[in-house]
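Topology and contacts: notes
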Amino acid sequence: MNIEQLQYICTVAKTKSISDAADKLFVTQQTISKAINKLEMEMGKKLLNRSYKGVSLTTDGEKFVEHAAGIVDEFRGL
């Protein structure tokens, strides 16, 4: 797990869209998708529900993003 993965999932959670998050973070959709997939594998939990209408957080994802957002905020403050 790294800070980029945390930033990506927090931004996806805010925008409810991988493509909007990618635009906001100046990376490709594929970059975000791969990073979040890797994070889900590392965690052993599904964090996002993906559909043609967009994405939403799973229950585990909501809990994870709460903690991840604090870490990202602390990192930005350094």
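For the protein chain, the count of helices and strands is four helices and two strands. Walking the protein chain from its N terminus toward its C terminus, one meets helices and strands in the order α-α-α-β-β-α. In summary, the protein chain has a C-alpha radius of gyration of 11 Å against a globular reference of 12 Å for 78 residues, a match within 12%. The dimensions of the protein chain, computed from C-alpha atoms along their principal axes, are 35 × 25 × 20 Å. Within the span of the protein chain, comprising 78 residues, buried residues form 35% of the whole.

Moving on to the environment of Cys10. Here Cys10 lies in helix H1 (residues 3–15). In the structure, Cys10 is positioned 55 residues away from Val65 in sequence and 5.9 Å away in space, judged by C-alpha atoms. Once you skip the residues sitting within four places of it in the chain, Cys10 turns out to touch Val65, Ala68, Ala69 and Val72.

The next thing to look at is the pairing of strand S1 (residues 48–51). One ladder, built from four bridges, connects S1 with strand S2 (residues 54–57); its direction is antiparallel. Each residue of the ladder has a partner; that of Asn49, found in S2, is Ser56. Taking the residues that link successive antiparallel strands as the turn, the S1-S2 hairpin has two residues.

The contact between helix H2 (residues 18–25) and helix H3 (residues 29–43) brings their axes to 8 Å, and the two run at 110°. Comparing the axis directions of H2 and H3 gives the class roughly perpendicular. The handedness of the crossing between H2 and H3 is right-handed. Contacts from Ile18, Ser19, Ala21, Ala22 and Leu25 in H2 reach Gln29, Ile32 and Ser33 in H3. In terms of residue class, the contact of H2 with H3 is made up of five nonpolar, three polar and no charged.

To continue, consider the side chain of Ser17. Within the element layout of this structure, Ser17 appears in the loop between H1 and H2. In this structure Ser17 comes out as buried when scored by relative accessible area, which is 13%. Polar contacts involving the side chain of Ser17 include one to the main-chain amide nitrogen of Asp20, which spans 3.0 Å. Residue contacts for Ser17: discarding those within four places in its chain leaves Val12 and Val55.

What counts, and where the lines are drawn
Here the residue numbers are simple positions, counted from 1 along each chain's written sequence. Only residues with pLDDT of 70 or above have their local features reported here, since the model is predicted, and side-chain atom pairs are shown and tallied only from 80 upward, although totals for entire chains, interfaces and linings are computed over all residues. By convention in this description, side-chain values take in all heavy atoms of the structure and omit both hydrogens and water. Helix numbers and strand numbers start at the N terminus; a helix is a DSSP run of H or I with at least 4 residues, a strand a run of E with at least 2. C-alpha atoms define the radius of gyration in this analysis, and the globule rule sets the expected value at 2.2 Å times the number of residues to the power 0.38. Each residue gets one of three labels from its accessible area relative to the maximum for its type: buried under 20%, exposed over 50%, partly exposed in between, using a 1.4 Å probe on protein chains only. When checking whether two residues touch, look at their non-hydrogen atoms; a contact exists if any pair is within 4.5 Å. Only strands that DSSP links by at least two bridges are regarded as paired with each other. Lines are fitted to the C-alpha atoms to define the axes, a helix being fitted only along its stretch in contact, and any angle between axes, read from their N-to-C directions, falls within 0 to 180 degrees. Angular relationships are summarised with four words: roughly parallel below 35 degrees, roughly antiparallel beyond 145, roughly perpendicular across 65 to 115, and oblique for the angles in between. Left-handed describes a crossing in which the near helix is turned anticlockwise from the far one by less than a right angle; the clockwise case is right-handed. Ten residue types, Ala, Val, Leu, Ile, Met, Phe, Trp, Tyr, Cys and Pro, are classed as nonpolar, four, Asp, Glu, Lys and Arg, as charged, and the remainder, Gly among them, as polar. In protein, a polar contact requires one atom able to donate a hydrogen and another able to accept it; more generally it is a pair of N or O atoms within 3.5 Å, and residues adjacent in sequence count only if both atoms are side-chain atoms.

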